Each structure stands twice: as C-alpha cells, then as structure tokens.
Amino acid sequence: MRRIALAVAAALMLSACGSGGGSADQELSKDPVTLRFTWWGADERHQRTQKVIDLFQKKYPNITVKGEFKDWNGYWESLATTVAANDAPDIIQMDELYLSSYAERGALLDLGTATKYLKTADFDKSALDTGMVKGKLYALPVGLATYSIVANTDLLDQYKIKLPDDATWTWDDFKKIGDEVSKAGGGKVTGVQSFGFDAGSMNIWVRQHGAVLFDEAGKVVVPENVLAGYWTYIRDLAKSGVAPAPSVTIERANGSLDQSGTATNASALATWWNTQIPSLATASGAKLKLLKLPGESQSSSPGAYFKPSMYWSISARSEHPAEAALLVDFLANSKETADIMLTDRGVPANSKIRTAITPKLGEYDKAAAEYLDTVKVGTAPRVTPNGASDVEAIIKRHTEEVLSDRETPEQAAKAFITELQAEIDGA
C-alpha cells in the first residue's frame with residue numbers, strides 16, 4: 001500500500017495538473033468522440049462493464065469508449081503515470097484513499113460543473129458528501145457500505161443465547177453477550193472476533209465519542225483519550241476471553257476473509273462492512289444476520305456513516321468532459337446499467353436504483369441492500385487526507401502492539417497521532 005501511495009504522490013508532484021478540456025456543460029459533439037475509461041477488478045467485472053459500454057455506444061453511436069482495466073496494484077501505478085504525463089483516461093474509477101491526492105492537485109474535474117449531463121438527484125446528500133473535497137464534488141459514489149455487526153444466529157441458537165436488541169444495545173452489552181458465548185463455547189468458539197484492524201471501527205468509536213479523526217484542513221485532531229479508550233476496549237476483550245487470544249486474533253487479521261472467525265464459525269459476533277455478508281455467508285455456511293452497531297442509541301450523533309465502495313471521477317484534462325459526464329450519468333443512473341452490474345461494484349449509492357434491483361438479489365445481497373435503508377447515518381467523515389492513505393496499516397500495527405502488551409493503549413494513541421500527522425505533513 002505504501003509503495004502505491006508513494007507512486008501516486010511522486011507522479012502527481014511531477015504533473016502540471018489543472019483545468020483541462022473545458023466545461024462539462026458544453027454542448028455534446030456531433031462528430032466522432034473517443035473516451036478512455038479505466039477501472040480495476042476481476043474478469044467478471046470487466047465482462048459486465050463491457051456490456052454496459054456496448055449499451056452506451058449503441059445509444060450514442062458517435063461515442064466510442066475504450067476500456068482500460070487492471071488489477072488493484074497495477075491500476076494505481078498506471079493511473080499515476082498517465083496523470084503525470086497529462087494523458088489520464090477520461091473516466092476514472094477512483095478510491096477514497098486516493099481521492100484527496102488527485103483532487104487537491106487539480107487532476108479531477110469538479111462534477112458540479114457537469115450538471116447538464118450528470119444528474120445526482122437520486123443520491124442522498126450523505127452519500128454525495130463522501131466525494132467532496134474542499135467543498136467540491138470530485139467523485140460520485142458508485143456503491144455504498146456502512147459498518148455493522150454480523151451475528152452468527154446458528155451459534156447463538158446452539159448456545160441458547162438471545163439475539164440482542166440492536167436498537168438499544170451498548171458496547172457493554174456487546175461484551176456481555178460475547179462473554180456468554182465464549183463460556184458456552186468451551187474454548188472452541190469465542191463470542192467476539194476482535195476488531196481494531198481497519199479505519200471503520202476506529203471511525204465509529206471516535207464518532208460515537210463526539211470526535212473526528214481529521215478536521216477539514218486534514219489535520220489529525222482526535223483526542224488521545226478517545227483513542228486510548230478504543231484500544232483499552234479491544235485489549236479487554238482479549239484479556240477477558242470474550243475475543244480470541246492475541247496470537248489467534250493477529251493471525252486471523254493477517255489472513256483472508258475466509259480465515260476469519262466469522263467465516264470459520266469460530267466467533268459469533270464481529271464487525272464487518274454490511275456488504276461483506278454474502279461472502280461471509282458463503283464461506284461459513286451458517287445463518288448470518290446484520291445488526292446495528294452497539295452504542296448508537298447512547299451517542300449524541302450517529303457513529304455510522306456511508307463508505308463508498310468506489311467512485312466515478314472525470315479527468316480535469318479530458319478533451320470531452322461533456323461526453324464523459326454523459327457516460328458517468330449512464331453508469332450511475334441507468335436502470336439498464338444496474339440490471340447488468342447489480343452489486344458487482346457494491347450496493348448502489350443511487351437510492352432509486354438500489355430499490356429497483358433489490359428484488360433481483362440473492363438473500364444476503366438483499367440483506368446488505370436493505371440494511372443501508374434501515375441504518376441512521378451521520379455526516380460523512382472528511383475524505384482521507386493526502387498522505388494518510390496508510391492509515392489502516394498504522395492502526396493495525398498499533399493494535400497488534402497493544403494486544404501483545406508491547407504498548408499501552410495510551411502509548412498507542414500518542415504514537416498513532418504523531419505518526420499519522422507526520423505522514424500527512426510529509427506528503
């Protein structure tokens with residue numbers, strides 16, 4: 001991840017990015033136009049996307065769309081290189097970790113200038129806000145996820161433990177139910193799969209405590225005592241046996257989803273993004289249920305927030321910004337596109353499209369889609385600042401240090417803030 005971030009930063013420093021091909025609200029050309037469209041993903045995504053491209057080209061026969069697709073690592077190195085050479089693709093599949101880096105250096109078009117061809121009326125404001133950088137919309141969210149608790153109801157039923165009331169439960173309730181499962185599991189099953197290895201869990205904890213990780217200027221402003229409380233809770237789960245021993249937790253955290261406590265039926269409750277439930281259900285073969293986060297009813301404002309699976313962005317140097325906006329509109333708002341893509345790029349951020357495709361989804365994809373409409377979300381966190389793309393690696397390392405008793409929660413909190421701020425300052 002750090003290698004990718006450095007490649008992005010270096011290439012953008014070399015580039016002379018700026019407003020490029022003109023206004024996206026200009027008239028569409030009647031002459032032949034060629035657009036380059038880049039994305040990452042697996043073969044199935046490529047095939048689905050090409051079908052969408054074919055439909056678009058049939059609808060607009062003077063526009064040719066050339067797809068450029070790669071795997072995750074190759075994608076970012078290639079994008080950084082093309083941006084540095086002022087040869088970026090017109091339409092870019094963008095990720096939250098790198099959005100600020102590209103937007104703040106002028107590499108992306110302000111989509112607020114594209115309203116003639118790109119409509120956003122069917123997107124919640126809280127969803128659109130995830131693509132905002134310094135007050136401008138540089139990225140349109142494709143899919144949405146929100147943090148959740150995944151409960152293995154087979155295990156809870158086996159141990160005769162009632163499903164909690166997720167409208168009112170607290171983090172103390174979460175720990176108590178986890179303790180009941182661990183005791184009933186006799187060492188084979190723990191109540192909780194430990195968290196602390198991603199930005200999602202930290203953001204939730206921080207937001208529920210009335211704080212934020214970054215301010216609008218991109219400075220790390222989370223109070224040390226809030227982070228210390230986060231790592232104290234995680235440490236206590238392990239020390240009390242509610243979560244697995246640190247060595248087991250760390251090993252699972254470094255493995256794939258299929259090796260997790262949820263996927264192997266070794267933990268009854270775990271934090272996951274709601275959209276991960278189909279993969280977890282397939283791996284575990286168990287009955288799983290999405291629950292709202294503990295602590296939400298006690299918090300003054302929701303900790304839950306929308307996280308985009310990815311975005312659509314347009315190059316600021318596109319020679320055909322109007323046609324590029326038209327393609328993004330087709331990708332985001334077309335029922336034809338939705339029927340092909342379904343949830344390949346996540347549960348659709350477009351609420352009308354999400355409602356339209358939900359009846360066509362399988363049991364757990366449908367559960368993920370419906371969960372989005374039942375959770376109260378708060379204001380979107382500030383987009384990850386330029387230089388902070390390694391935030392999850394830093395969180396993970398300090399969680400391992402705390403679980404292994406090489407750091408106290410207080411030491412971890414202080415070191416995390418110092419290290420992350422240094423990364424941002426050095427970008």
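Coordinates for the structure precede this section.
One structure accompanies this document, and this report is about it. (Residues numbered from 1 in each chain as written. Predicted model: local features only at pLDDT ≥ 70, side-chain atom pairs only at ≥ 80, totals over all residues. Heavy atoms only, no water.)

Relative orientation and spacing of two packed helices are given, respectively, by the angle between their axes and the distance between those axes. Put simply, helix α9 (residues 224-239) and helix α17 (residues 409-425) touch, their axes get as near as 8 Å, and they point 130° apart. In terms of orientation, α9 and α17 fall into the oblique class. Crossing geometry of α9 relative to α17 is assigned as right-handed. Between α9 and α17, the contacting residues are Glu224, Leu227, Ala228, Trp231, Thr232 and Arg235 on the first element and Pro409, Glu410, Ala412, Ala413, Lys414, Phe416 and Ile417 on the second. (Axes fitted to C-alpha atoms, helices over the stretch in contact; angles between N-to-C directions. Helix = DSSP H or I, 4+ residues; strand = E, 2+ residues; numbered from the N terminus. Parallel < 35°, antiparallel > 145°, perpendicular 65-115°, else oblique. Left-handed = near helix turned anticlockwise from the far one by under 90°. Contact = heavy atoms within 4.5 Å.)

This part covers helix α8 (residues 199-208). Counting buried residues in α8 gives ten out of ten residues, a clear majority hidden from the surface. Those residues of α8 that fall on the buried side of the exposure criterion are Ala199, Gly200, Ser201, Met202, Asn203, Ile204, Trp205, Val206, Arg207 and Gln208. Tucked inside the fold, the buried residues of α8 contact β7 (147-152), α7 (171-185), α9, β9 (267-273), α16 (391-403) and α17. Gly210 lies just past α8 and shows a positive phi near 75°. (Buried < 20%, exposed > 50% of the residue type's maximum accessible area, 1.4 Å probe, protein only.)

Moving on, we get to the environment of Pro385. With respect to the secondary-structure elements, Pro385 resides in the loop between α15 (363-374) and α16. Measuring from C-alpha to C-alpha, the distance between Pro385 and Ser101 comes to 7.3 Å, with 284 residues separating the pair along the chain. Apart from residues no more than four positions distant in its own chain, Pro385 is found in contact with Ser100, Phe214, Gly218 and Ile424.

A few words on the sheet that holds strand β1 (residues 33-40). With respect to topology, six strands assemble into an open sheet ordered β2-β1-β3-β11-β6-β12, the strand pairing being mixed. The outermost strands of the open sheet, each flanked by one partner alone, are β2 (63-70) and β12 (347-348). Note: β1 against strand β3 (residues 91-94), two bridges, orientation parallel. Among the inter-strand pairings, Thr38 is bridged to a residue of β3, identified as Ile92. (Pairing = 2+ DSSP bridges.)

Close contact between helix α2 (residues 43-59) and helix α12 (residues 321-333) brings their axes to 11 Å; oriented N to C, the two are set at 125°. By the angle between their axes, α2 is oblique relative to α12. Of the two possible hands of crossing, α2 and α12 adopt the one that is right-handed. Contact residues: α2 offers Val52, Leu55, Phe56 and Lys59, while α12 offers Glu323, Leu326, Leu327, Phe330 and Leu331. Tallied by class, residues from the contact of α2 with α12 come to seven nonpolar, no polar and two charged. (Nonpolar A, V, L, I, M, F, W, Y, C, P; charged D, E, K, R; others polar.)

As enumerated under the stated definition, the model contains 18 salt bridges in all. For Arg397, the salt bridge identified is with Glu419, shortest N-O distance 2.4 Å. Remark: Glu419 occurs in helix α17 and Arg397 occurs in helix α16; sequence separation between them is 22 residues. On the basis of relative accessible area, Glu419 is assigned to the partly exposed category, the value being 25%. Each member of the salt-bridge network shares a partner with another, and the members are Arg36, Glu68 and Asp87. (Salt bridge = Lys/Arg side-chain N within 4 Å of Asp/Glu carboxyl O.)

Once that is clear, we can look at the packing of aromatic side chains. Counted according to the given criterion, the structure contains 25 aromatic pairs. Ring centres 4.8 Å apart and planes at 55° place the aromatic pair Phe37 and Trp39 in the tilted group. Each member of the pair, Phe37 together with Trp39, is buried. Between the aromatic rings of Tyr230 and Trp231, the centroid separation amounts to 5.5 Å while the plane-to-plane angle is 65°, which identifies the pairing as edge-to-face. By relative accessible area, which is 0% here, Tyr230 ends up buried. Every member of this aromatic cluster is reached through a ring pair, and the members are Trp169, Trp171, Phe174, Phe195, Trp205, Tyr230, Trp231, Tyr233 and Phe416. Seen from the ring of Trp273, Lys307 lies directly overhead, with NZ or CZ sitting 5.5 Å from the centre. (Phe/Tyr/Trp six-rings, centres within 6.5 Å; stacked < 30°, edge-to-face > 60°. Lys NZ or Arg CZ within 6 Å of the ring centre and 35° of its normal.)

The next subject is empty space enclosed by the protein. This model, assessed by the stated rule, comprises three cavities of 30 Å³ or more. Forming the boundary of the largest cavity are 17 residues, of which Val142, Leu331, Thr337, Met341 and Pro348 lie nearest the centre. Counting residues per element, the ones that place at least two in the lining of the largest cavity are β6 (140-145), α12 and α13 (335-341). Top element by residues in the lining of the largest cavity is α13. It accounts for three residues. (1 Å grid on protein atoms, 1.4 Å probe; cavity = no way out; pocket = protein on both sides within 12 Å on 5 of 7 lines; lining within 4 Å. Points joined across faces, edges and corners; volume = space filled by probe spheres on them.)

Before going further, it helps to spend a moment on the side chain of Thr249. Secondary-structure assignment places Thr249 in helix α10 (residues 246-253). With relative accessibility at 5%, the residue Thr249 sits in the buried group.

The topology assignment puts Lys70 in strand β2. Linking Lys70 and Lys360, residues 290 residues apart in sequence, is a C-alpha distance of 29 Å. Aside from chain neighbours lying at most four places away, what touches Lys70 is Trp39, Trp40, Gly41, Tyr75 and Ser78.

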